Amino acid sequence: MRRLLPPAVAALVLLVVALANLDLLSGRATPSFRDLATTQRPARALAASLGGASLNPHASFGQPFHGNPNLVLAYPFPAAPRWLGLHLLLHAALGGLGFLLFLRLLGRAPEAALAGALAFSFSGFALSTTAFLNSATTLAWIPWLLASVAAARLEGRHAFRLALLGAAASGALLAHAGEPALGLIGILLALAVAFSGPFGTRLRAAGALLGGGLLAATATAPYLLEVLRATEASSRRLRGFSWAEFSAVGFHPLRLLETPFPFLFGDPSRVLSGAYWGFAASQGNPPYLASLSFGVLPLALAAAFALSPRRREGRFWLAAAGVAFLVSLLPWVPGARTAFEALPLLHAFRYPVKAILVATIAVAVLASLAVERLLLEEALPRWRSRAGVVLLVLAGLLGLGAVLSRVRPELPRRLLLSLWDPTWSSDPAVVLAPVLARLPQQAAASAALLLVAGLLLARGLGDLRSRVLLLVALAGEGLTQTRFHVPRAPSDWYDRPSALVAAAARIPGRVFERTGKDVDAVRRGLSGPLHVDERHALALAQVTQGWSLAGAPHGLRYAWDPDPDGSYTLLDRFARNVVVGKPWPARLKWLRAAGVGSVIASDVPPGLPGLVPELTEGRFGPPATLFRLVDPLPAVRRLSRVRGAASVDAAVAAVDDSTFDPATDGVVAGRPPAGTDAPRPDPGAVARVVAEGPDALVVETDGTRPGLLLLDRSFTPRVRATAGGRDATVFATQVNLVGVAVPAGKVRVEVFLAP
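Residues numbered from 1 in each chain as written. Predicted model: local features only at pLDDT ≥ 70, side-chain atom pairs only at ≥ 80, totals over all residues. Heavy atoms only, no water.

Considering the overall build of the protein chain
This is how the line gets drawn: Counting from the N terminus, the helices are the DSSP runs of H or I reaching at least four residues and the strands are the DSSP runs of E reaching at least two. Restricting the calculation to C-alpha atoms gives the radius of gyration, and the globule rule supplies 2.2 Å times the number of residues raised to the power 0.38. Exposure is judged per residue with a 1.4 Å probe applied to protein chains only, and the accessible area is read against the type maximum: over 50% gives exposed, under 20% gives buried, and values in between give partly exposed. Calculation of accessible area relied on Shrake-Rupley with a 1.4 Å probe; when residues are assessed, cover is drawn exclusively from the protein chains displayed.
Helices and strands together make up the secondary structure of the protein chain, namely 27 helices and 19 strands. Against the 2.2 N^0.38 benchmark of 27 Å for 755 residues, the protein chain shows a C-alpha radius of gyration of 29 Å, consistent with a compact globule. Across its three principal directions, the C-alpha atoms of the protein chain cover 95 × 65 × 50 Å. Counting across all 755 residues of the protein chain, residues that qualify as buried make up 56%. With the model as given, the accessible surface of the protein chain reaches about 29900 Å², and the carbon-plus-sulfur share is 65%.

So, in structure tokens, the structure goes:
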């Protein structure tokens, strides 16, 4: 019976998770939060039409598509966006299974291994990654890489071959999973694990890891080369992240309170009531990860082992956790900024909080060691009794807190209000009401879990009932948080265009989207209608108002939409900063110059000349209005008066000059093409698009003198063109667009955007 207990509990957990998420498994609902909804789901929807294209023409004049790892397009599953929820749940299960295998290969008993796997799978870090397709996919394969290292320690050639193949397979899947920072953390941790084992096994483990890595690199080389090519002009590679961007999200010690009180600082997927308000614990920014809970029972067990006389066995994991916490605290470490700015290699990374992954793994491993050494083997009976008493005292204190928060609710209210900024516009009573309502239950639940830990430490796991109690308590604590971490919306909302999106798709040219978004209603106040279910509010506003890139699958091509991950070109970022920094009257000139045909915005001054309102969508969030530009310009046209600019600032000044006419004029980086710096426009200049794809265009153009063919596509050094079969010079035009020098007369131009 004892032998069947771990698989029975594991099967029960999987069954409960499946039953609680049937809407995701069936495709009726889709994850609707953060990057999954705004970029990764639209990318999956576009994949059917764009295929293996290098560029996505719907994203800000054409940005990396297949070669953007964050979109996870090289990963084999799922093909259709409807099954993203299934993908998340499947990979959460794969991650837990891999962690279970890792602990078993380390020699943990089945109960101890399952305890560690539950601690890892239901940690706040693991559950919070479900807001990111790439992070959730990457996290699934890191335990398998660790398991490969553990397998290599076993004797025999068969074990080494399996470890080598396991490292190769998990390494290849990590390369395609699309989260380089987490993948690198996993690889470094696996390498450290390899060299931390018994002396005689270190070379075998390191050899399997390095050999598997070489096989993975060979297998994924075509994709990795495409990533390098696609991102060569990206802001992430050329400029990197600033210190402010890098340090935007660290691990503030206050977030340790999320372990006994999950979502103490609010839920980022909500708008107002119960929304995230803990900006004091996240450097004034929304949190990258919704929760950083380690789990009360896993943390208690890990702490018990870390403080026990047997802690030497877990010294590697204690050191790993210490390093992880130190890295995650970098935003507050003196001298960290100076070191960051002196090391350009670090500028490719951001968010030190990602290092908490290592601490999460360490807590799970230490918890499994506690179950194995202290509970199953029942070692150190006197020490266990004392530790059990300490946990029982802590349980009593939390229980007393639960009673007091119920009897005297003003006490926790005062504590939370001490972190509330009085300058915020929203009513703290509304925002904090759901948080305060669940505090007594959370305190009571945490007290009960500490009580279980204390009793089990004192008694051990000598009988079946104790083992059942431990595993059920671990599973129950995690299951109560699972659904809370995966905001979802009906898939049909994303599958059909709203009236505003459909109307925008009928207007030729790109769309400039600048809607008001109630994503900071806590500090700024609510500025639009709120759906009765706040967890649907952002999703409804997103799909009905065409937030970038939600309208892309329905035909919208965006202009200067925000760069979500540093993959957009650096020139696009420069141009966007220029455009959004200008008042609307001056902004319209830039929009016309870029071939924009429509605007979706919430802040256009009434009666602004040059914009005609078409439709307003105001049911969810701040009202957004679709405007049509008066006298828009073709997205592809022949320019006959071209100026040169030695810098971005000079190019901006040229476009802003009152004599600059976007219909006929252009400004290029460097010297203009010969014969194009004429005082008057060419009346015979025409251009017609013959064929267009994501990565190439064919245009027929004519003119009485040399000109510059302007395309509403992002310039990169990768772009090549021919005019009349001969190589043509390509210029960065209007700061970030493509310009091709063309001779006088009729000529056929072929432009290759990603050769």
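Now that the structure is up, let's keep going.
Brief notes about the sheet that holds strand 6 (residues 596–601)
Note the following rule: Pairing between strands is defined by DSSP: at least two bridges between them are needed. Only the contacting stretch of a helix is used when fitting its axis, a line to C-alpha atoms as for every element, and angles between N-to-C directions run 0 to 180 degrees. By definition, residues are in contact when any of their heavy atoms lie within 4.5 Å.
Pairing within the open sheet is mixed, and its four strands lie in the order 5-6-8-7. Bordering the open sheet on either side are strand 5 (510–514) and strand 7 (611–617), each of which pairs with just one other strand. Neighbour-to-neighbour, the strand axes of the sheet open up by a mean angle of 20°, direction not taken into account. Bridge count for strand 6 against strand 8 (residues 624–629) is four bridges, and the pairing is antiparallel. Bridge pairing in strand 8 links Ile600 to Leu626. Helix 26 (residues 584–593) contacts strand 5, strand 6, strand 7 and strand 8 of the sheet and is inclined by roughly 150° relative to strand 5.

Let's talk about the pattern of salt bridges
Definition in use: Salt bridges are identified by distance alone: a Lys or Arg side-chain nitrogen within 4 Å of an Asp or Glu carboxyl oxygen.
Using the criterion set out here, one finds 35 salt bridges in the structure. Here Arg514 and Asp603 are joined by a salt bridge, their closest N and O atoms 3.3 Å apart. Separated by 89 residues along the polypeptide, Arg514 in strand 5 and Asp603 in the loop between strand 6 and strand 7 bring together distant segments of the chain. The exposure class assigned to Arg514 is partly exposed, which follows from its relative accessible area of 29%. Here Glu617 makes a salt bridge to Arg619, at a shortest N to O gap of 2.9 Å. Exposure remark for Glu617: the relative accessible area of 9% places this residue in the buried category.

Re the sheet that holds strand 16 (residues 726–728)
Read from one edge to the other, the open sheet built from five strands follows the order 12-13-19-15-16, with strand pairing classed as antiparallel. The outermost strands of the open sheet, each flanked by one partner alone, are strand 12 (686–692) and strand 16. Across the sheet, the mean angle from the axis of one strand to that of its neighbour is 30°, orientation sign disregarded. Pairing between strand 12 and strand 13 (residues 696–702): six bridges, direction antiparallel.

Some thoughts on unusual backbone geometry
For residues that are not glycine, phi is negative in most cases, and the peptide bond is trans in most cases. At the junction of Ser548 and Leu549, the peptide bond is cis and its omega measures out at 0° in the coordinates. Backbone geometry places Arg34, a non-glycine residue, at a positive phi of 55°. One can find Arg34 in helix 3 (residues 34–50). Not every positive phi belongs to a glycine, and Glu378 is a case in point at roughly 55°. Structurally, the position occupied by Glu378 is in the loop between helix 16 (356–376) and helix 17 (381–407).

A closer look at helix 20 (residues 464–482)
This is how it is decided: Multiplying one less than the number of residues by 1.5 Å gives the expected span of a helix. Counted as a polar contact is a pair of N or O atoms within 3.5 Å, where, for protein atoms, one must be capable of donating a hydrogen and the other of accepting one, and residues adjacent in sequence contribute only when both atoms are in side chains.
Over its 19 residues, helix 20 runs 27 Å from end to end, which matches the ideal 27 Å to within 8%, given 1.5 Å per residue. Where helix 20 begins, one side-chain oxygen reaches toward the backbone nitrogen of Arg465, 3.1 Å away; that side chain belongs to Asp463.

Re the nonpolar core
Formally: To qualify as a nonpolar core, a set must consist of buried Ala, Val, Leu, Ile, Met, Phe, Trp, Tyr and Cys residues joined through side-chain atoms within 4.5 Å.
Of all hydrophobic cores here, the largest spans 139 residues; its most connected members are Phe102, Trp277, Trp317, Leu357, Ile361, Val371 and Leu470. Residue contacts for Leu357: discarding those within four places in its chain leaves Phe120, Phe125, Leu139, Ile142, Leu182 and Ile185. By size, the runner-up hydrophobic cluster in this structure holds 36 residues, among which are Ala575, Trp584, Ala594 and Leu737.

Let's talk about the packing of aromatic side chains
To keep things clear, this is the line we draw: Paired rings are identified among Phe, Tyr and Trp, the last through its six-membered ring, by centres lying within 6.5 Å, and are further divided according to the angle between planes into stacked (under 30 degrees), edge-to-face (over 60) and tilted (the rest). Charge over a ring is defined by NZ of Lys or CZ of Arg lying within 6 Å of the ring centre and within 35 degrees of the ring normal.
Going through the model one piece at a time under the given rule, you end up with 19 aromatic pairs. Ring geometry for Trp243 against Phe246: centres 5.6 Å apart, planes inclined by 35°, an arrangement best described as tilted. Of the two residues, Trp243 and Phe246 are both situated in helix 12 (residues 243–246); the distance of three residues between them amounts to about one turn of the helix. One exposure class covers both Trp243 and Phe246, and it is buried. The interplanar angle of 45° and the centroid separation of 4.9 Å between the aromatic rings of Tyr288 and Tyr351 together place this pair among those described as tilted. Note that Tyr288 is positioned in the loop between helix 12 and helix 13 (296–307) and Tyr351 in the loop between helix 15 (336–342) and helix 16, a separation of 63 residues in sequence. The class of Tyr288 is buried, set by a relative accessible area of 8%. What links up through ring pairs into an aromatic cluster is the set Phe265, Tyr276, Trp277, Phe279, Trp420 and Trp424. Taking the ring centre of Phe279 as reference, the NZ or CZ of Arg523 above it sits at 3.6 Å.

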